[in-house]
Structures are given as structure tokens and as C-alpha cells.
Amino acid sequence: MPSLSRRRFLAVTGGTVAALGPAATPAQAARGRRGPFGRHGSPAARLTPRTLYVDPLGRGDFGTVRDAVAATTGSGWTLVLAAGVYRETVVLDTTRTEATWIGAAEDPRAVVIVHDNAAGTPKPGGGTHGTTGSATTTVQAAGFTARWITFANDWLRADHPDITGTQAVAIKVQGDRSAFHHCRFLGHQDTLYADSIALSAFARQYYAHCYVEGDVDVVFGRATAVYEHCHFRTLNRTDLASAPYGFVLAPSTAGANPRGYLVTRSRISSEAPDACYKLARPWVPSSAPTARPSLTVRDTHLGAGLDAVAPYTAMSASFPWQNQRFAEYRNTGPGAEVTVPENRPQLTDGQAASATRQTYLGDWEPWRGEC
């Protein structure tokens, strides 16, 4: 019998939409009857001249996301992805700005982009991929939007006991104004790499109604990112004898950047035993020793899987979490109980007034017209 994690990823990559979740709702079934691209047009009736259709069964312009991206030049292209599993790696480089990817089924379980590289996976030409190179999908371009898509990395430690570089990124996002609506991000270590294209670039990112799961540093990087109405879920681990099993958030905000990660109106749950996970740890990379990680978690339900007594820890003794910019405000749930006040810095009402998506994202309002 495969492990729980293996069964999860077999379901994700099993090749049938039915295996990815409950039966379709009547509205989803009606969309399906319109063809593989639902209400989003077709190769014979394009929504716009810059819309391309992707379908692994051959009913679109391209059978892979990678080939469709290669066919786009410049700005403003839309890819509509038919239901299916796209086992490939994809890079959207900086020249392909203002791109939009849409899961045609309008259900993120039905459209899955997945691969299985880890940081320690050998490359064909020698060396290993490293954390960045392990990413299934890499988005470098500004102005990217994704809706109803699952981004996954199904590499598993248990299958590769000889590999010590176990970071396996589902998606690395570096572009400014990157928005994800109703998407899923599945992995184990380093699932969602919310970063920027350069240390001096302050990339704004917005994640709404998304689901993220993993175990170690589930979300990490130096972006200015807002996670609103999101669900973070930590996985159980049978390879460790004691807690902590991992860390939900690991920001690496540049010292010059006034804002890092904001989690608001969300929830954090776990399939692991109680108190086995830390809420966060600061990441100060050797390449950016002046980083000063910033994280605010507010109005969010924190489940029992989190260590409420000591929710934060250092990644390096040289950079204790107390010297970083960590704060909470009006969180609820057993993982939010304040038993040792010095371990849980809280915002005042005045400080909380500026800890909003509007303040973090400025004049960019990706929540407008959200489906």
C-alpha cells in the first residue's frame, strides 16, 4: 500500500479528472458539455487573437503548456487549459508579460501541472537542479494571472533516500503583479516559492481562495505577497521521531522592503498530530545577509497542528526570529492561543489599520472583478 502522500499524488497525477475530487456540480457538468474549453472559446472560436488552447488529448492548438508558452511572443497572451494532467516543466520568462492562464473546467482539481524534480535530482548534463531548478513551473514575467489551476511537485523523500537536497518546488513566482485565484499548490518541502526577480525588486503577489500544502517551509521567498481566504495545510510525517515537523511560512524579505508576507482571513490546518508544526521561521539567505523577514498573520484561524507556545523559531542562530518583523492580530483557534506573550508579538489596532491588502499592494487591485 502506498503511503498517504504517495496516494495523494497518485490521485493528482492519475490521469482522470474523476480521481481528483468529488463529482462535478451541475454547473460544472454544463460547462463540460460545451467542449473541453467550456465557456472560454475554442480554436475555432477564439475569445481573442491572442488566446491559445491547450489540451493533452489533441483538441487544442497545443498538447503541452510548454509548447504553448513557446508560441507566445510579447505581451498579453491567454492560455486556456483543458482538463488533464500536464507532466512537464514550464518557464514563463520576463519577455512574456501580462499573461493569463485559465483552467477551462473552472475547478483547480481538473487541471494539474506537475513534475518531480528535487534540488538534489541529478541533471542530464551533470550537477543537480538546486532549489530554483526543481520548480515545476517558473513565472518570471510581470503581470501574470492564473485561475483554477493546480501547480504541483510530486517528488517524495521516501522514493529517493539517497538524495539529501529534498527541496521540491511546485512553482516559483518572481514577477511583479502576479495573481492566483482559486489555485492549488501541492508539494512537500518548499511548495510555493513567492520571490522576486532580483534582490532589489519588490515583487507584489496576490493569492486569493487558494490551497497550499506541504511540510517544510511550505511558502517561502522575498516577495511582497498577500494571501487572502487561503487554506494552508501541513502534512503528516512518518520519517521524523519528534517535532517540529516543519514550518508553514519562511519569508526572506529584503531589509529595504517595508512589507513581506501578509496572511489574512485564511486558515491553517494539519493532518499531523497537535503542535507538530511552527507557524514560521525567518529565512536570511547567505546571498542576502541584510534580509529582514517580514510576516503578519491576521484574522486567521490557526489549527491545533501549530505549536501555540512557541510558534516561531530561527533558521539560523545568527538571525533570531525576535530580530525580524513578525506579528499577529486577532487570530483564532487553538494554534493562536497566547500562553507566552513574548513568543507571540501582536499588532496594536493602529498598526493593524495599515496591515491590509491595499497597503501591501498599492495601486494594483487584483481582487477587482474576481470570479
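Residues numbered from 1 in each chain as written. Predicted model: local features only at pLDDT ≥ 70, side-chain atom pairs only at ≥ 80, totals over all residues. Heavy atoms only, no water.

What to know about the sheet that holds strand β5 (residues 100-103)
Right, so step 1: Strand order in the open sheet formed by 10 strands is β1-β2-β5-β8-β11-β14-β17-β20-β23-β25, with parallel pairing between adjacent strands. Whereas interior strands pair on both sides, the edge strands pair on one side only; in this sheet they are β1 (51-54) and β25 (325-329). The sheet shows a mean angle of 10° between the axes of neighbouring strands, taken without regard to direction.
Right, so step 2: Where β1 meets strand β2 (residues 78-81), 4 bridges bridge the pair, whose relative direction is parallel. Following the sheet pairing, valine 54 is matched in β2 by leucine 81. (Pairing = 2+ DSSP bridges. Helix = DSSP H or I, 4+ residues; strand = E, 2+ residues; numbered from the N terminus. Axes fitted to C-alpha atoms, helices over the stretch in contact; angles between N-to-C directions.)

Side note on the packing of aromatic side chains
The way to describe two aromatic rings as a pair is by their centre distance and the angle between their planes.
Right, so step 1: Overall, the coordinates contain 18 aromatic pairs when judged by the stated rule.
Right, so step 2: A centroid spacing of 5.6 Å and a plane angle of 55° characterise the contact between phenylalanine 144 and phenylalanine 180, whose relative ring orientation is tilted. Remark: phenylalanine 180 occurs in strand β11 (residues 178-181) and phenylalanine 144 occurs in the loop between β7 (137-139) and β8 (145-147); sequence separation between them is 36 residues. Comparing phenylalanine 144 with phenylalanine 180, the two get one shared label, buried.
Right, so step 3: Here the aromatic rings of phenylalanine 185 and tyrosine 207 are separated by 5.9 Å at their centres, their planes lie at 70°, and the arrangement is edge-to-face. Of this pair, phenylalanine 185 sits in strand β12 (residues 184-186) while tyrosine 207 is found in strand β14 (residues 204-208), placing the two residues 22 residues apart along the sequence.
Right, so step 4: Put simply, the rings of Trp101, Phe144, Phe151, Phe180, Phe185, Tyr207, Tyr227, Phe232 and Tyr261 touch in pairs and so form one group of aromatic residues. (Phe/Tyr/Trp six-rings, centres within 6.5 Å; stacked < 30°, edge-to-face > 60°. Buried < 20%, exposed > 50% of the residue type's maximum accessible area, 1.4 Å probe, protein only.)

Topic: the environment of tryptophan 155
Right, so step 1: When you line up the elements, tryptophan 155 lands in the loop between β9 (150-153) and β10 (171-173).
Right, so step 2: Taking relative accessible area as the criterion, tryptophan 155 reaches 3% and is therefore assigned buried.
Right, so step 3: Placed 99 residues apart in sequence, tryptophan 155 and alanine 254 show a C-alpha to C-alpha distance of 30 Å.
Right, so step 4: Apart from residues no more than four positions distant in its own chain, tryptophan 155 is found in contact with His115, Asp116, Asn117, Ala118, Thr121, His160, Ile163, Thr166, Ala168 and His188. (Contact = heavy atoms within 4.5 Å.)

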